[in-house]
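Structural description and commentary
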Amino acid sequence: MSPILNVKNLETRFQTLDGEVSAVNGIDFHLHKGESLGVVGESGSGKTQIFLSIMGLLAKNGRSTGSVKFKGQELIGMKTGELNKIRGVTMSMIFQDPMTSLNPYLKISKQMNEVLIEHQGRTEEEALKESIQMLDLVGIPEARKRVHMYPHEFSGGMRQRVMIAMALLCKPDLLIADEPTTALDVTVQAQILDLMRNLKKELDTAIVMITHDLGVVAGLCDRVMVMYGGRIVEKGDVRNIFYDAQHPYTQGLLESMPRLDEAKASKLHAIPGQPPNLQNLPVGCAFQDRCEYRKDQCLSSIPNLIEFAEGRAKACFREAS
Amino acid sequence: MSDTILNVEDLKVHFQVPRGGFFGGRVPLKAVDGVSFELKSGETLGIVGESGCGKSTLGRAVLQLIEPTGGNVAWLGSNITGLDAKTMRPYRKDMQIIFQDPLASLNPRMTIGEIIGEPLKTHYPEISRKDRREKVRQMMDKVGLLPQMINRYPHEFSGGQCQRIGIARAMILEPKVIVCDEPVSALDVSIQAQVVNLLQDLQKEFGLSLLFISHDLSVVRHISHRIMVLYLGKVMEIAPKDAIYADPRHPYTKALISAVPIPDPDRERNKEIVVLQGDLPSPIAPPSGCVFRTRCPFADDECAKTAPQPESVEAGHTVSCLHWQKLGG
Ligand SMILES: Nc1ncnc2c1ncn2[C@@H]1O[C@H](COP(=O)(O)OP(=O)(O)OP(=O)(O)O)[C@@H](O)[C@H]1O
Ligand code: SF4
Ligand SMILES: [Mg+2]
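Residues numbered from 1 in each chain as written. Chains lettered and ligands numbered in written order. Predicted model: local features only at pLDDT ≥ 70, side-chain atom pairs only at ≥ 80, totals over all residues. Heavy atoms only, no water.

**Details of the site of ligand 2**
Around ligand 2 lies a shell formed by His 247, Pro 248, Cys 285, Phe 287, Gln 288, Cys 291, Tyr 293, Cys 298, Pro 303, Cys 316 and Phe 317 of chain A. Classifying every residue of the shell around ligand 2 gives nine nonpolar, two polar and no charged. (Near = heavy atom within 4 Å. Nonpolar A, V, L, I, M, F, W, Y, C, P; charged D, E, K, R; others polar.)

If you want it as structure tokens, here you go:
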């Protein structure tokens, strides 16, 4: 089975007044139908920009090179008109703030119907029926009535569901979720994650979950990609990442998390220092300043992402631990 | 760790908010509604609950930064409720606060030396500029900031460093208690651990007490000695930290804990989640009786009539639920 998304050597640079920002560097990964991929890493590590590059939604000062094949079609360099036939149709993205994808001045029914009429050729009546079904599916109570409400009339958790319903209208093959539950309370987050798990099972949607919360990844994702300094530093199955992490950053990240399910040592393991500035990445490994295993080689050359076992890869010069 | 420094009794903060709708007028929003607890010297009390449950308002009301509508706050035995700014002043030295958004809480036009030294200037104007700067340098060193950065401005620092600046400013008067309002929520996990460790080190060195407000139950479990669970301005449960996780008694506490994602795939996928129905009710029109009853899987007619009072489960562990004994642990 060939992957539905295949990314090769994706690079994204931003031109700014004080120099070039290397936000996304040499990214390779793929995703199969029905699979879920967790993307984790510190703030500014490039998680969001990878997927904005893939969707062709970069800010004006940004440019991507490399290859992104979605269902066999190359997206890098594709014309906006062509991209619009894919975005929101077979590939959708949702964000932390639902209002980035909802129009505050239009009733939900209007916004949802438009998508179905334009992309699926539905009649007004068919579209309304499908919109209500979709709201129902994402757990909006009284969908028949609420479909006629405006976005601000929904609570935060409900608005998040409406955005997910919008993104799913055309039954996309790929749903990219960028911190969709970060602004929500944990009890509401649990409802949304439950919803996403069901979508994956029932619609076979491939899901990318971008998050800083390793707990969310543990519950939802099949595979995980760990980002640092705009690069993938480790990739593997969810159990490998959590139980047998190989990159010093992944290890440090897991150890620095306080745990609800067990009492940890009185002191947390903290990774010293700070993440690097993408405008001024060090020569060599981006993690060098914070790494306890650093050796000379780490200062002079960038470690490649190397597959060291079936489906597992890391970018680090340290011998296996 | 035995003497009580802070005793809060039946504290209430009711805001008057526009009713909205056709008739206008104002209605009370009961942000904090009858909260009682005590804080011992050297202790950390964690305060958890979902957005809008009154955590931050409670923290500010305890420090008299918001005037309580009712109830008492006693500091080392003396009542400080509703004192005017001048009478409150000597107490302020002992009580400080740090905030969630590290950069936004720092004045962008002041150097970090001025920011950290400001409370000293206010409370001890007799200290010379030179001595003040020396004290600021010492404090910077304590919180892990390089003292030679004393003349830099806040925007030159990262989020974690800005939080260290906020902590240094709060610590410079060597207070007895610090209210920490979501102090690590805006920070990356790896930086969060640095700041949590710093707070714990300072606590040990200075015998500080902390009121640690956070929506992140994992962090709260790590840093607190006891934990208080709030819902719609009311205390649902207070317990020693291990008991609240190992032996929660309130249905809300149980739901809250079960909803926290555990960074362990096997455990996370096999755990049982108590999924709560619906959303938080509006704090302007809280449910009658038990405020949690509209989302509680065990609510019955009685819960709509009677507001539960805190009952003792065991020493140091109280729960406010009419049916806790029936529900078991
Ligand atoms: N338009 C732009 N011009 C210049 N730099 C940009 C632009 N957009 C993003 N960047 C930079 O690209 C880098 C990667 O950003 P990105 O948003 O992908 O991070 P992230 O991993 O998603 O972080 P977070 O967890 O905070 O969401 C950052 O250093 C960011 O400042
Ligand atoms: S390459 Fe070197 S510095 Fe980078 S993570 Fe590995 S050991 Fe550490
Ligand atoms: Mg992002």
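**Regarding the pairing of strand β3 (residues 44-48) of chain B**
Residues and elements named next belong to chain B. Extensive coverage of β3 is indicated by the burial of five of its five residues. The sheet contact formed by β3 and strand β8 (residues 209-213) spans four bridges and is parallel. Counted as the bridge partner of Thr 44 is Leu 210 from β8. Relative to strand β9 (residues 226-231), β3 runs parallel, the two sharing four bridges. Looking across to β9, one finds that Leu 45 is bridged to Arg 226. (Buried < 20%, exposed > 50% of the residue type's maximum accessible area, 1.4 Å probe, protein only. Helix = DSSP H or I, 4+ residues; strand = E, 2+ residues; numbered from the N terminus. Pairing = 2+ DSSP bridges.)

**Structural notes on unusual backbone geometry**
Residues and elements named next belong to chain A. Look at Lys 71: it is not a glycine, yet its phi comes out positive at around 50°. Of note in this structure, Glu 179 is not a glycine but carries a positive phi near 50°. Within the element layout of this structure, Glu 179 appears in the loop between β7 (174-178) and α7 (186-203).

**Some details on the site of ligand 1**
All names here are of chain A. Around ligand 1, the surrounding shell holds 15 residues, and the nearest of these are Ser 43, Gly 44, Lys 47, Thr 48 and Gln 49. A distance of 2.6 Å separates an oxygen atom of ligand 1 from a polar atom in the side chain of Ser 43. A distance of 2.7 Å separates an oxygen atom of ligand 1 from a polar side-chain atom of Thr 48. When residues of the shell around ligand 1 are traced back to their parent elements, those giving at least two are β1 (5-16), β2 (19-31) and α1 (47-55). At three residues, α1 tops the list of elements feeding residues into the shell around ligand 1. Classifying every residue of the shell around ligand 1 gives five nonpolar, eight polar and two charged. (Polar contact = N/O pair within 3.5 Å; in protein donor to acceptor, adjacent residues only side chain to side chain.)

**Concerning the packing of helix α3 (residues 108-120) of chain A against helix α4 (residues 124-137) of chain A**
Residues and elements named next belong to chain A. With their axes 9 Å apart at the nearest point, α3 and α4 run at an angle of 115° to one another. Note on packing geometry: the crossing formed by α3 with α4 is right-handed. Residues Ile 108, Ser 109, Met 112, Asn 113, Leu 116 and Ile 117 of α3 form the contact with α4, whose own contacting residues are Glu 124, Ala 127, Leu 128, Glu 130, Ser 131, Met 134 and Leu 135. (Axes fitted to C-alpha atoms, helices over the stretch in contact; angles between N-to-C directions. Left-handed = near helix turned anticlockwise from the far one by under 90°. Contact = heavy atoms within 4.5 Å.)

**What to know about the interface of chain A and chain B**
Opposite the 46 residues of chain A that make contact, chain B presents 41 residues. Between chain A and chain B, the buried area comes to about 3700 Å², and carbon and sulfur atoms account for 55% of it. Looking at the side of chain A facing chain B, the largest losses of area belong to Val 186, Thr 187 and Leu 260 of chain A, adding up to 19% of the total buried there. Seen at the junction of chain A and chain B, the total is five salt bridges. A salt bridge links Arg 239 of chain A to Asp 266 of chain B, with the nearest nitrogen and oxygen atoms 2.7 Å apart. Across the contact surface, chain A and chain B share 19 residue pairs in polar contact (both at pLDDT 80 or more). Every element with two or more residues in the side of chain A that touches chain B is listed here: α7, α8 (214-220), α9 (238-243) and α10 (248-256) of chain A. Grouping the constituent residues of the side of chain A that touches chain B by class yields 23 nonpolar, 13 polar and ten charged. (Buried area = accessible area lost by both parts, 1.4 Å probe. Salt bridge = Lys/Arg side-chain N within 4 Å of Asp/Glu carboxyl O.)

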